[in-house]
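These are the residues of each chain, in order.
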Amino acid sequence: MVVNLGDGWEGDEGTGRRPEDKTGRGVVLAFGQTMKMLRMRAGVEREEFGRRLGYSASTIAAFEQGRRIPSPRTIDRADEVLGADGLLCLWKEEVERAQYPVFFQGMATLEKEAIELLAYDTLVVNGLLQTEEYMRALLAMRRPVLDEETIEQRVAARLARQDVFERWPAPLLSFVVDESVLRRWYGGKDVLRGQLEHLHLSGQKRNVQVQVMRLNSEESAGVDGPFTVVTRKDGKKFAYAEAQGTSTLQTDPEQTALAAARYGIIRSQTLSTRESLEFIEGLLGEL
C-alpha cells in the first residue's frame, strides 16, 4: 500500500515546532492553556517560570498561546516546576507529534520506533546527520523564502529528531550518501567543513554506518532517487520517499522488502565504511 503524505522533501521534512494543521493547532493550544492555568494556580509569574525553565517570558507566552511547541524535556521540567503530578507529561506524545505536518507525522513516529533505519540520499545530507549550520543554510535557500521564526522552528524540530542517536537499545543506522552531496558548498566552505567533520564522527559510532556512492561508479541501483527504509520492533518494514512536493510511505510487505533489498545492492556498489571515512577525510583535506 502506498500512502500519499502531501507536500515535502528530504531537505525540509521536519517543518518546525509549530502546529501545521487544525488538529495540531488545537492540541497545542489546549496544552498551552493547561500549562498557563497550572502556572497561575501555582502563583508563578511568567518571568520566574521562564527563568526556571531556561526561557524568556516571551517564549513562555508563546508556549501558553500555542504559537510554539516545547520539547518533551521542557514539558517534563514544566511539570516538575509547577508540581503538576504528571498532568503536563500526559500531553507529551500529542504535542510532539503536532510539530510535524501531516505528511511527516507517520515517518517521525517510525524514526522513534525504529530498530533499523536505512537511508539513501542524493540531494542533501540526511536530516538525521545534518549540523545546525547546514540545516540553516538549506532552509535559507527555500523559495518562497522562509521568515526567521519559521527557520528557527524547523531547525529545532530537526535537531529533536536526532535524539535517535542517543536511544538505548541503539538502533542500527545505515546511511549511503552520493559523493555529489559531499562536494556541494551549501552555506559555504566552513559550513561544508563542519558537516563533513560531523559526518565523519557519526560514522565512527558503533551502531552507525556511513558509506559514499562515488561519482565514478559505473553502476547504481539507486537511479530512482533517495529513499528510506525503516524496520520496527515487530519486524514490519516501511519505505519512505519524497520528491518535488510529494511524499509517500510504502507499507506493502512485498514492496518494502524490495526496497530493503535494493538498498542492500546500493550498499554493495559503494565504498566500504572504512573507505568512506577515508574518502571524507580526503575531502576535508581539500577544503
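Structure's up top.
All values reported here derive from a predicted model rather than from experimental measurement.

1. Section: the environment of R67
Moving on, step 1. Among the secondary structure elements, R67 is positioned in the loop between α3 (57-64) and α4 (72-82).
Moving on, step 2. Along the backbone, R67 and L29 are 38 residues apart, and their C-alpha atoms lie at a distance of 7.9 Å.

2. Some words on the packing of helix α10 (residues 189-202) against helix α12 (residues 273-286)
Helix-helix packing is described using two parameters, namely the angle between the two axes and the distance between the axes.
Moving on, step 1. Close contact between α10 and α12 brings their axes to 10 Å; oriented N to C, the two are set at 160°. Between α10 and α12, the angle is such that the two are roughly antiparallel. Between α10 and α12 lies a crossing of left-handed hand. Residues R193, L196, E197, L199 and H200 of α10 form the contact with α12, whose participating residues are L277, I280, E281, L283 and L284.
Moving on, step 2. By residue class, the composition of the contact of α10 with α12 is six nonpolar, one polar and three charged.

3. Here we look at the packing of helix α2 (residues 46-53) against α3
Moving on, step 1. Across the interface, α2 lies against α3 with an axial gap of 8 Å and an inter-helix angle of 95°. On the basis of the axis angle, α2 is roughly perpendicular to α3. Contact residues: R46, E47, F49, G50 and L53 in α2; A57, I60, A61 and E64 in α3.
Moving on, step 2. Among the residues making up the contact of α2 with α3, the classes are represented as five nonpolar, one polar and three charged.

Rules of the game
- Residues numbered from 1 in each chain as written.
- Predicted model: local features only at pLDDT ≥ 70, side-chain atom pairs only at ≥ 80, totals over all residues.
- Heavy atoms only, no water.
- Helix = DSSP H or I, 4+ residues; strand = E, 2+ residues; numbered from the N terminus.
- Axes fitted to C-alpha atoms, helices over the stretch in contact; angles between N-to-C directions.
- Parallel < 35°, antiparallel > 145°, perpendicular 65-115°, else oblique.
- Left-handed = near helix turned anticlockwise from the far one by under 90°.
- Contact = heavy atoms within 4.5 Å.
- Nonpolar A, V, L, I, M, F, W, Y, C, P; charged D, E, K, R; others polar.

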